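The primary structure of each chain is shown beneath.
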Number of protein chains: 4
Amino acid sequence: MSGSTFGNIFKITTWGESHGSGIGVVVDGCPAGLALNEMDIQSFLDRRKPGSSRFTTQRKESDNVEILSGIFEGKTTGTPISMVVQNTAQRSADYSEIASYYRPGHADYTFDQKYGFRDYRGGGRSSGRETIGRVAAGAIASKLLLELGITISAYTQAIGPIEIPNPERPLNCIDIDEARNNPTGMPDKDTSRKAEAYLKECMEKLDSAGGIIACRVVNLPAGIGEPVFEKLDANLAKAILSIGAVKAFEIGDGIKAASANGSSNNDHFRINGSSVIKTTNHAGGVLGGISDGSELILRAYFKPTPSIFQKQDTINKNGEEITIQIKGRHDPIIVPRAVVVVESMTAVTVLDMLLQNMTARVDKIKNFYS
Amino acid sequence: MSGSTFGNIFKITTWGESHGSGIGVVVDGCPAGLALNEMDIQSFLDRRKPGSSRFTTQRKESDNVEILSGIFEGKTTGTPISMVVQNTAQRSADYSEIASYYRPGHADYTFDQKYGFRDYRGGGRSSGRETIGRVAAGAIASKLLLELGITISAYTQAIGPIEIPNPERPLNCIDIDEARNNPTGMPDKDTSRKAEAYLKECMEKLDSAGGIIACRVVNLPAGIGEPVFEKLDANLAKAILSIGAVKAFEIGDGIKAASANGSSNNDHFRINGSSVIKTTNHAGGVLGGISDGSELILRAYFKPTPSIFQKQDTINKNGEEITIQIKGRHDPIIVPRAVVVVESMTAVTVLDMLLQNMTARVDKIKNFYS
Amino acid sequence: MSGSTFGNIFKITTWGESHGSGIGVVVDGCPAGLALNEMDIQSFLDRRKPGSSRFTTQRKESDNVEILSGIFEGKTTGTPISMVVQNTAQRSADYSEIASYYRPGHADYTFDQKYGFRDYRGGGRSSGRETIGRVAAGAIASKLLLELGITISAYTQAIGPIEIPNPERPLNCIDIDEARNNPTGMPDKDTSRKAEAYLKECMEKLDSAGGIIACRVVNLPAGIGEPVFEKLDANLAKAILSIGAVKAFEIGDGIKAASANGSSNNDHFRINGSSVIKTTNHAGGVLGGISDGSELILRAYFKPTPSIFQKQDTINKNGEEITIQIKGRHDPIIVPRAVVVVESMTAVTVLDMLLQNMTARVDKIKNFYS
Amino acid sequence: MSGSTFGNIFKITTWGESHGSGIGVVVDGCPAGLALNEMDIQSFLDRRKPGSSRFTTQRKESDNVEILSGIFEGKTTGTPISMVVQNTAQRSADYSEIASYYRPGHADYTFDQKYGFRDYRGGGRSSGRETIGRVAAGAIASKLLLELGITISAYTQAIGPIEIPNPERPLNCIDIDEARNNPTGMPDKDTSRKAEAYLKECMEKLDSAGGIIACRVVNLPAGIGEPVFEKLDANLAKAILSIGAVKAFEIGDGIKAASANGSSNNDHFRINGSSVIKTTNHAGGVLGGISDGSELILRAYFKPTPSIFQKQDTINKNGEEITIQIKGRHDPIIVPRAVVVVESMTAVTVLDMLLQNMTARVDKIKNFYS
């Protein structure tokens, strides 16, 4: 049970290592009849491509996706969609040294403890390249959600200590275009520049930084999510924590809610025309694990990249204490490239729960089959 | 797929509403041969029992558990363990009024949107009483973990803005006895008194408070957890967020890691006698989703109880805007009673992943079957 | 993973041993809004009740079901439905002897090999009483299917070598009323009498008999079932083989198809008014794992009851060869009482796959959420 | 939930259509440390390769497998093993005609009913080529089982009405070498020649044949399989029925058991040296869903190939009654090529349940983690 499958109905199974022949995903349970081609996937993958700024690894990969199954005459057939991206820029020689020791903050030690040995080249299965499969699947989920009028937008909220002002502002006050076009993924030009300066400083100190990614889902109908273990936010938490380097997850006010009072934290229901609205959205769009029709807001907290070029103490496989200095190509921050990963995992999760919800009521089932 | 089952091998299925005839759980996949009786379960349930302090609901329930199956001659047989707690202190009349409107911060509205109607008595399925099943299952998981030398300890870290000093201190500097014996669940007498004063103030204002629960797992071997979607911390995140009122989850430094640098956040491996240790534990015991042999540290952030006695704006089922004032028996804070729930969900998750890990290596499988 | 849960969306979890305090089931994922009360369940349970004829165990159990959760104001709420039947007629003393040896044809030996020990009273978990949970769940599934116009009818096709004439005849030529009202469950009075004579002979010889149960599903729409591993017939095969004593499963012509030719086995499509029909139904209603709109026909082959009163050779727990003679209350045949079990497992499976099918097409999903 | 994943711990996900770019499988949960290379897989795939006899389709495919992930330095790493076989010999033009009508006995009609349209080329996802993924996975499962001393052998028992004599004889009286080297897969040269003559006759009549495949598992320890829904034989039934064209499944005496008496059907336990044995094996190696340590025997009943070259009545997509004559390359029988598919699905199922069984007992878990 190596756990490479996610989802109950819209099910994704990723495979591949950093330096194997390729990386891929099988998307099973995608409904039939969705117009889909490789451009739909590629545009998502391009958002996580390395080499797009000075803050990302200089490894040059084109990361071109190929769809191997599940599409006929331009539409999904309802059968598994297999997608693959070849690994083309491996320089395994760079990694031969790390075969023998355990890098701090990486999964080298834990893989060896679990499996007895590991594919040490570029992090093997725990490489960030594993997320290619997630993003390819997320592209499909996002396209299907868009057919239902649901949109998902993620962006960088903070890099190290540099945070955008007023992060709780509504999505229509967030400049997503700006976020998609600057090297930090921040929806705010001024803050982005400050973050760039901070990252430059980190690099000069041979150090790295973490950050926060926010993600918002607009137009999700009320009623999505199951009331006990399969709460919408519980599944999102798992989806987000399953991304390497994420150390915390919050929904709505999240952490801040813990120090608030009920009187300020409760969102009040009101009527706006014929719609039910809430005057505030501290809950982040979920009540009792079920969507309430308002915007879904979540945040992922990323630790700093563990690969830094400073000298570090560690041990080798023989149990000897040593001092190492990591070489190779490593991002000083992964947050900007992870924005599309957070968006993709959110899309996959939301779609899966939206499909699960279709069986909740006898009257709707009868209507479906009549 | 109402989602009342949790776990892959050690699988728990909870059932029951606040004002139905009872609340229960079926634990399937519990290994055979564990000495178990009702006292083992009852001691856990007593920790979440209402009426034990002035900060908890005055509803008096004895919450006595009965084991209906799966035990023979004092030991688990490997077959499902069905446990039930009768509901004895329902006063449904208290709730007749809320049938017609949607309480802010509760799941009333979302249940109606999902299912078309709801059992409105005492929150129905979204009542805190649903956690009885989780705690009963957690008692079993904890006992089995203890047989393997693994202990789990949760306690209150903060109530509203009142936090224990130096919350990162190692577990042996945490006074768990104190935490188990004061009304806040805090491992620190002074802070507990401050928190009690704060809660008294909240109650006087007809308001409520949230808080933070920390949970630590000691002696977990390295290698537990799967590398991709079934990461140990991802499953813990889901387990914790599936508890009502939890709005955020962190592992290790969690939120703080997002603003740290790699040089300070990386934990260094060293040798201590014949053991591998880390000089720090910012990671909270997990690297790449797999346990690293050091203490596992997680935190759950709870929102304030939504049931407050102040007037609140909301709407009724007819879509009319109204002002309500909630009556009945409601805790001004649920955090102290939720400590054992966090501990239980952690135990269930850790045990499940420990069992899953047994199939990771061919050499160990061969040894098992030889 | 003791495997007491069945289904993906409509999920049932059974628990209980023959001589524990009770037997039960939790039905999770039942859609909200189904009118349901204990009479609906009881009428199914009464069909498997012991003591109803001279061919069934004389153990007298009233097997009264109690619904503990998931119903509010006479309708399912969408949350888990917990049902329990108390065990009232245990005479454990009858079984003390079998604690020490392994009955031929029973699961005594395999349980000990798997779990190290077993609850030997009345077969423990492998008792036929485990099916009470299945039947209670099947009653709910059947009621929901009926709301969709789908009916399921099982009956005894053969007892030992005595088979009804022309077993392939269409369901409207099958006298289900007769089957429900005679001691064999056969839809044919003459054959039933012959079977009764055969059983009487078996009993005189201290022997037992097996038989065949047929089950037919009428009005199932085309398109139900998934094309690869989750074929409708594959899931039915698992459902049926999971019933104790079933040794074979067939769909449609099944076994006979293996010796037929394509020219005679292929069913031809024709048009009848505005409907698509098949001129024959060798396939039994499934093509490529997906229902084709015609009648679903399956058969379950039951071995003879292993508890016979003749002397038998076996071994005891100390590995000594012994000769035993079983006492107690045992049916000379279980087939008549198993008819409703086959019907129930079919209902649960068909309903689950019907719900799964709702997410197969984008156009229907869009329509559902519009 | 298109259902392309099978297994709980050793999990396989197949993908691909007959005339897409390729066919593949992702094997997730394969334990680490198994020596594995492409030859291990290829030798299994070669057993189902088309064009190897005059009774199989003349489509010439080399069906060369490529392993894309999960292997490092010649051993499995515990991460997903992705394997692909390119489709090279598609002649889609052959199939353009069948786009418009529904072939009798095929899944054309049911796919259209389910998904609204279908990839009609060569059967699309319901093509026999889908089994390539199963066989590739089965090769891995078989190799791992062999490490544990467990062997699986399938062979043809019958083709149409021609059956090998004494099909119940023990495996050491079955000539598996012969079965692997003649065009029928039968372990008996004389019967094989009769079957060849029968098939020749079928072909001359433009007709097709079905048959029976038997499969035996030797050296499986007692205790494998779970007692209720996840019975070993229930899972095998699902695995086997999930193979296209299988219409029935039996374990041990299966069908014959239904007409037997308990006195003849019960297997008696005896002691042979230090081993527990049974004097007969009517049960086929399973009691109460759990392996009993004797040989596991199952049989799969295949219907005749539906693609025959005779004229057949059917309807087209416009609902018009037509007469068709199928062209193209079609096996008059698929049984000989399906032998390795039955063997593979058995291997995958048995291995999965063997891994699941590792968590059954507290004492063994303690021993594992000590």
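Caption draft 1: Region of the structure containing helix α6 (residues 232-241) of chain A. Within α6 of chain A, 10 of the 10 residues are buried, which leaves it mostly tucked inside the rest of the structure. Along α6 of chain A, the positions that sit buried rather than exposed are L232, D233, A234, N235, L236, A237, K238, A239, I240 and L241 of chain A.

Caption draft 2: Seen up close, the relation of the copies chain B and chain C. Once chain B is rotated about the relating axis by 180 degrees and shifted along it by 0.0 Å, it coincides with chain C to within an RMSD of 0.0 Å. Here the transformation between the copies is reduced to the relation of a two-fold axis. Interface overlap between copies: 100% of the residues of chain B at the interface are likewise at the interface in chain C, consistent with a symmetric, same-surface contact.

Caption draft 3: Expanded view of the pairing of strand β3 (residues 22-28) of chain D. Residues and elements named next belong to chain D. Where burial is concerned, most of β3 is hidden: seven out of the seven residues are buried. By the alternation rule, side chains of β3 split into G22, G24, V26 and D28 and I23, V25 and V27, which are all buried. Sheet topology places strand β2 (residues 11-16) next to β3; six bridges connect them, and they run antiparallel. By the bridge assignment, I12 is partnered in β3 with V27. Hairpin remark: β2 followed by β3, antiparallel, with five residues in the connecting loop. Pairing of β3 with strand β7 (residues 81-86) involves six bridges; the strand directions are antiparallel. The residue bridging G24 from the neighbouring strand is V84, located in β7.

Caption draft 4: Structural view of the relation of the copies chain A and chain B. Under the fitted operation, chain A is carried onto chain B by 0.0 Å of movement along the axis and a turn of 180 degrees, and the coordinates agree to an RMSD of 0.0 Å. Here 100% of the interface residues in chain A have copies in chain B that are interface residues too; the copies meet face to matching face.

Caption draft 5: Representation of the state of the cysteines within the structure. All names here are of chain C. Applying the stated rule across the entire model yields zero disulfides over all chains. You can see C30 has no disulfide; the closest cysteine sulfur is in C215, sitting 19 Å from it. When its relative accessible area of 2% is taken as the criterion, C30 is described as buried.

Caption draft 6: Broad picture of the pattern of salt bridges. Following the criterion strictly, the structure yields 96 salt bridges over all chains and no others. Between K205 of chain C and E201 of chain C there is a salt bridge whose closest N-O contact spans 3.4 Å. A network of salt bridges, in which partner residues are shared, links R103, D108, D112 and R118 of chain A.

Caption draft 7: Expanded view of the interface of chain B and chain C. Across the contact, 40 residues belong to chain B and 40 residues belong to chain C. Across the interface of chain B and chain C, roughly 3,200 Å² is buried in total on both sides, 63% from carbon and sulfur atoms. At the boundary of chain B and chain C, one finds zero salt bridges. There are 10 residue pairs in polar contact (both at pLDDT 80 or more) connecting chain B and chain C. Contributing elements (two or more residues each) for the side of chain B that touches chain C: β2 (11-16), β3 (22-28), β6 (75-76) and α2 (108-115) of chain B. Take the side of chain B that touches chain C: its biggest share by element is four residues, from β2 of chain B.

Caption draft 8: Broad picture of the pairing of strand β10 (residues 211-218) of chain B. Residue and element names in this part refer to chain B. Across the eight residues that make up β10, a large majority, seven, are buried. Pairing between β10 and strand β16 (residues 296-302): seven bridges, direction antiparallel. Bridge pairing in β16 links C215 to L298.

Caption draft 9: Structural view of the sheet that holds strand β3 (residues 22-28) of chain A. Residue and element names in this part refer to chain A. Strand order in the open sheet formed by five strands is β1-β2-β3-β7-β4, and the pairing between neighbours is antiparallel. Strands with a single pairing partner mark the edges of an open sheet, and in this sheet they are β1 (5-6) and β4 (65-67). Here β1 pairs with strand β2 (residues 11-16) via two bridges, running antiparallel. Pairing of T5 across the sheet is with T13, part of β2.

Caption draft 10: Broad picture of the side chain of R299 of chain A. All names here are of chain A. In this structure, R299 sits in strand β16 (residues 296-302). Under the relative-accessibility criterion, R299 is labelled buried at 4%. Within the structure, R299 has its side chain in polar contact with the side chain of Q157 (distance 2.6 Å). From its side chain, R299 meets the backbone oxygen of G252 in a polar contact 3.1 Å long. With near-sequence residues (within four places) excluded, R299 lies in contact with Q157, P167, E168, I212, I213, A214, A248, F249, E250 and G252.

Analysis parameters
- Numbering of residues starts from 1 in every chain and runs along the sequence as written.
- Chains and ligands are labelled sequentially in the order written, the chains with letters from A and the ligands with numbers from 1.
- With the structure being a predicted model, the display of local features is reserved for residues of pLDDT at least 70 and the display and counting of side-chain atom pairs for 80 or more, all residues being used for whole-chain, interface and lining totals.
- Derived side-chain values reflect all non-hydrogen atoms in the structure, with water molecules and hydrogen atoms excluded from consideration.
- Accessibility here uses a 1.4 Å probe with only protein chains present; expressed as a share of the type maximum, an area under 20% marks a residue as buried, one over 50% as exposed, and anything in between as partly exposed.
- Only DSSP runs of H or I reaching four residues or more are called helices, and only runs of E reaching two or more are called strands; each is numbered from the N terminus.
- The copies are overlaid by a least-squares fit using only the C-alpha atoms of residues whose pLDDT is at least 70 in both copies.
- The contact definition used throughout considers only heavy atoms, calling two residues in contact when any of these lie within 4.5 Å.
- Strands are treated as partners if at least two bridges between them are detected by DSSP.
- Sulfur atoms of two cysteines make up a disulfide when they are within 2.5 Å.
- Salt-bridge detection follows one rule: a side-chain nitrogen of Lys or Arg within 4 Å of a carboxyl oxygen of Asp or Glu.
- As a working definition, buried area equals the accessible area (1.4 Å probe) given up by two parts on being put together, with both sides summed.
- Each polar contact in these results corresponds to two N or O atoms within 3.5 Å; when the atoms are within protein, one needs to be able to donate a hydrogen and the other to accept it, and residues that are neighboring in sequence are counted only if both atoms are side-chain atoms.

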